[in-house]
Amino acid sequence: MRVAIFSTKAFERTFLDRANERHGHELRYLEPSLNASTAPLAGGCQAACLFANDNADAAALKGLADAGVLLIALRSAGFNHVDLEAAERLGLTVARVPAYSPYSVAEHAAGLILTLNRKLHRAYNRVREQNFSLDGLMGFDLKGKTVGLVGTGQIGEALARIMHGFGCELHATDPKPNPACEELGMSYMPLDELLETSDIVSLHCPLTPATHHLINDRSLEHARDGFMLINTSRGGVVDTGAVIRGLKSGKIGALGLDVYEEEGDLFFRDLSDHVIQDDVFMRLMTFPNVFVTAHQGFFTREAVTNIADTTMGNISAFQQGEIPEENIVSAEKFIADK
Ligand code: NAI
């Protein structure tokens, strides 16, 4: 099949080319991200392959359908960037990579926790400037602390195992409790109670209308003073304004983000020569207890290999009319959950 690959990143091409050796698709690498005006770049292609920050809204999907596209092959697990109802109306099949390495994201979340707790981001700069003072760098033992996980699917479970290894108590909220987590001694409870009882809260649920701004001014009132908040799920799960207010009041003692509500205008690009126009993001950058990475949770060799393999597999399976059910994303399957 001819495949238009939007938002191609330099790091991906080798992985996609290697995965495609077994499939023989004709890959059209496109640097622009998808939107209504770039959709026609897929002209003559039967599949459009999208990255997590492509905007597959109704207008962009219409453009793809008009260009002859039949399949949207997502190079991601998350699908909040696709208007599934519009895809259905347009007769487009949407496939994703439901699992590629939960360890990549869970280990990154653990890295954010360790960095913020022991202030490694500050220590790094200090030592390089020959400032060997320890003032302000004190952390706490993770052993015995309570970690609250919002969402205990694949990534939540992987992080639960890591934090269990540190000797943490595990609390969680999830409409579908995970028996493997319960075996680790995890207690399930409503979000407000999780916030009341957790020293560290880490978000691992998908972004849906139900989880949009789950962390907001009201829910933060329940949280422990000075707690640590980690978000490696999707930016929209957190109300950034509320979090800034929480940082200013001391309610939030440390914030680790791998995702940001408006990251589409920033992440995955070198903007070091530009004046950033997003004042909310720049305010976040001024806090010493905030550590942000640019959506790199998934970025391990193993995960990127699996993403490329499953994506090419989905495209071939579509051609043969047999995409595995768990890889298909449909309005029917997911809108009811929202
Ligand atoms: P998963 O589908 O295995 O688990 C998600 C869990 O969230 C499920 O158990 C579900 O029941 C739960 N959930 C749904 N609504 C909830 C709610 N209102 N409150 C609490 N829990 C809720 O998904 P997986 O693979 O663990 O990924 C989780 C999220 O991580 C993805 O949706 C994606 O947004 C994000 N992600 C981030 C990456 C990164 O690079 N930072 C890479 C991959 C995924």
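Just so it is clear, the model here is predicted, and its values are computed rather than measured. (Residues numbered from 1 in each chain as written. Predicted model: local features only at pLDDT ≥ 70, side-chain atom pairs only at ≥ 80, totals over all residues. Heavy atoms only, no water.)

> Got a minute to help me understand helix H2 (residues 58–66) in this structure?
An α-helical segment advances 3.6 residues per turn. Residues three or four places apart therefore align on the same side. For H2, the full list of buried residues reads Ala60, Leu61, Gly63 and Leu64. Mapping the buried residues of H2 onto a view down its axis gives an arc of 155°, with all of them on the same face. Where H2 is buried, its residues contact strand S3 (47–50), strand S4 (71–74) and helix H3 (84–89). Looking one or two residues past H2, Gly68 carries a phi angle of roughly 105°, positive in sign. (Buried < 20%, exposed > 50% of the residue type's maximum accessible area, 1.4 Å probe, protein only. Helix = DSSP H or I, 4+ residues; strand = E, 2+ residues; numbered from the N terminus. Arc of directions from axis to C-beta. Contact = heavy atoms within 4.5 Å.)

> I tried to follow the nonpolar core on my own but got confused; where do I start?
Here is a general trend for soluble globular proteins: nonpolar side chains tend to be buried in one another's company. With 30 residues, the main nonpolar core has Leu229 and Leu255 as its most contacted residues. Contributing elements (two or more residues each) for this core: helix H8 (191–197), strand S9 (200–203), strand S10 (227–231), helix H10 (240–249), strand S11 (252–257) and helix H11 (279–284). Examining the composition of this core, we find that four residues originate from one element, H10, more than from any other. Apart from the residues within four sequence positions on either side, Leu255 is in contact with Leu116, Leu229, Val243, Leu247, Leu284, Asn289, Val290 and Phe291. In terms of nonpolar packing, the next biggest core, distinct from the first, is built from 26 residues, Cys45, Leu64, Ala86 and Leu92 among them. (Core = buried A, V, L, I, M, F, W, Y, C linked by side-chain atoms within 4.5 Å.)

> Looking at this structure, I do not really get the pattern of salt bridges. What am I missing?
It is possible for side chains of opposite charge to pair when their charged atoms get near one another. What the rule picks out here adds up to nine salt bridges. Note that Arg224 and Asp199 form a salt bridge whose closest N and O atoms lie 2.8 Å from each other. In this pair, Arg224 sits in the loop between helix H9 (217–222) and S10 while Asp199 sits in the loop between H8 and S9, placing the two residues 25 residues apart along the sequence. Between Arg245 and Asp217 there is a salt bridge whose closest N-O contact spans 2.8 Å. Placement of the pair is Arg245 in helix H10 and Asp217 in helix H9, with a sequence separation of 28 residues. Residue classification places Arg245 among the partly exposed residues on the basis of a relative accessible area of 45%. Exposure remark for Asp217: the relative accessible area of 36% places this residue in the partly exposed category. (Salt bridge = Lys/Arg side-chain N within 4 Å of Asp/Glu carboxyl O.)

> Teacher, can you tell me more about unusual backbone geometry here?
A negative phi holds for most residues other than glycine; trans holds for most peptide bonds. With a phi angle near 60°, Gln130 is a residue other than glycine that sits in the positive phi range. The residue Gln130 is located in the loop between helix H5 (120–128) and strand S6 (146–150) in this model. For Gln130, a relative accessible area of 64% gives the class exposed. The backbone of His213 sits at a positive phi, close to 55°, despite the residue not being glycine. Position of His213 relative to the elements: it lies in the loop between S9 and H9. For His213, a relative accessible area of 21% translates into the label partly exposed.

Geometric values such as these leave the question of function open.
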